[in-house]
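Residue strings, one per chain:
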Amino acid sequence: LTLYNPPRGCEVVDDCSPSSVIVPDGVNPDYVYNNGSFLCQVCDENSQPWTNAEWIFTTQPGLFGMPGGIANPTGIALLFILIIMFVCSLPFIRRRGHFEIFYFSHLLYHVYYIILILHAPEFWKWFIPVGSLWAAERIYRIIHRSLGHGKSVIKKGVILPSKVTNLIVERPPGFNFSTGDWVFVNIPRLASSEWHPFTISSAPEVAGQFTLHIRGVGQWTNKLHELFEEEYARQQR
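Throughout what follows, the structure given in this document is the object of discussion. Computed from a predicted model, the values in this text were never measured in an experiment. (Residues numbered from 1 in each chain as written. Predicted model: local features only at pLDDT ≥ 70, side-chain atom pairs only at ≥ 80, totals over all residues. Heavy atoms only, no water.)

### Considering the overall build of the protein
Put simply, the test is: Strands here are runs of E lasting at least two residues and helices are runs of H or I lasting at least four, both read from the DSSP assignment and numbered beginning at the N terminus. Here the term buried applies to any residue with accessible area under 20% of the maximum for its type, exposed to any over 50%, and partly exposed to those in between, with areas from a 1.4 Å probe on protein chains only. Here, residues are in contact when the closest pair of their heavy atoms is within 4.5 Å. Computed with a 1.4 Å probe, the accessible areas rest on the Shrake-Rupley method; for each residue, only the protein chains presented here act as cover.
Across its full length, the protein holds eight helices and seven strands. Within the protein, buried positions represent 25% of all 237 residues. Taking the intrachain contacts of the protein between residues at least 6 apart in sequence as the baseline, contacts between residues at least 24 apart amount to 54%. Total accessible area computed for the protein in this model is approximately 16400 Å², and 61% of it derives from carbon and sulfur atoms.

Okay, here's the thing in structure tokens:
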């Protein structure tokens, strides 16, 4: 119990009186007393034990996890981060023009893993293998993007009924795909930080280009449709 800090005016003793222990109905006292091998916290009449709020939100009681009781407040922080990410991933956020809220709230996973290592000091041993793969993939993606791989241009945009936009995209060098494959699309003019996946609608045998058919169902896809509507109207003047 070196990690436990009794409240002021209290102390931990090992000579607990059976009369001071409340045994719930239906519980065998022998299991509670365990032949007397347990400890009690004794407080004077002017002292109070730690409150639930002090246990949860402060490090005063100590105990649990790292010295200073950091497991409790970090556990609350982890819970709040998960709640935020869960709420911001619900359809009424993602599909009603608030994709940025969904995207940026999920970047909290960086903070989540940092706090998780503080919450469970041994977690880093399990995090390193998976975290190394994640870091390698992110570094590869950054280098790949900085070298211009995967960049292309939209050769043509066709406005179709039901708010569908048909994009004809120049096929980058070395870009091969199979039927049913999809691509992540980023159009800086619409949103520089947003990447959206779309299924390739053209056959792999088509040389020099591929097509995407994108229906306007959210903020980004509607902005895409409006962009080509405006361009079409400008060309008709």
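### Some thoughts on the side chain of N186
Using the following cut-off: Two N or O atoms count as a polar contact when they lie within 3.5 Å, although within protein this holds only if one can serve as hydrogen donor and the other as acceptor, and sequence-adjacent residues are included solely when both atoms are side-chain atoms.
As for its position among the elements, N186 is in the loop between strand 5 (182–185) and strand 6 (196–199). Among the polar contacts made by the side chain of N186, one reaches the main-chain carbonyl oxygen of S192 at a distance of 3.1 Å. Polar side-chain contacts of N186 include one of 2.7 Å to the backbone oxygen of E194.

### Things to note about a nonpolar patch on the surface
This is how the line gets drawn: Patch members must show over 30% relative accessible area and no salt bridge, and they are joined within 9 Å when carrying like charges or within 5 Å when they are nonpolar side chains of Val, Leu, Ile, Met, Phe, Trp or Tyr. Put simply, a salt bridge is a Lys or Arg side-chain nitrogen that is within 4 Å of an Asp or Glu carboxyl oxygen.
The grouping of I56, F57, L79, F80, I83, F86, V87 and F92 at the surface amounts to a nonpolar patch, some 770 Å² of accessible area in total. Among the elements that make up the nonpolar patch, the one with the highest residue count is helix 3 (residues 71–87) (five residues). Relative to the assigned elements, F80 resides in helix 3.

### Looking at helix 8 (residues 219–236)
Counted only if it meets this: Expected helix span is computed as 1.5 Å times (number of residues minus one).
Helix length check: helix 8 (18 residues) gives 26 Å between terminal C-alpha atoms against 26 Å at 1.5 Å per residue, within 8%. Those residues of helix 8 that fall on the buried side of the exposure criterion are W220, T221, N222, L224, H225, L227 and F228. Check the buried side of helix 8 and you find it contacts strand 3 (154–160), strand 4 (164–170), strand 5, strand 6 and strand 7 (209–215).

Function cannot be read off these values alone, since they describe shape.
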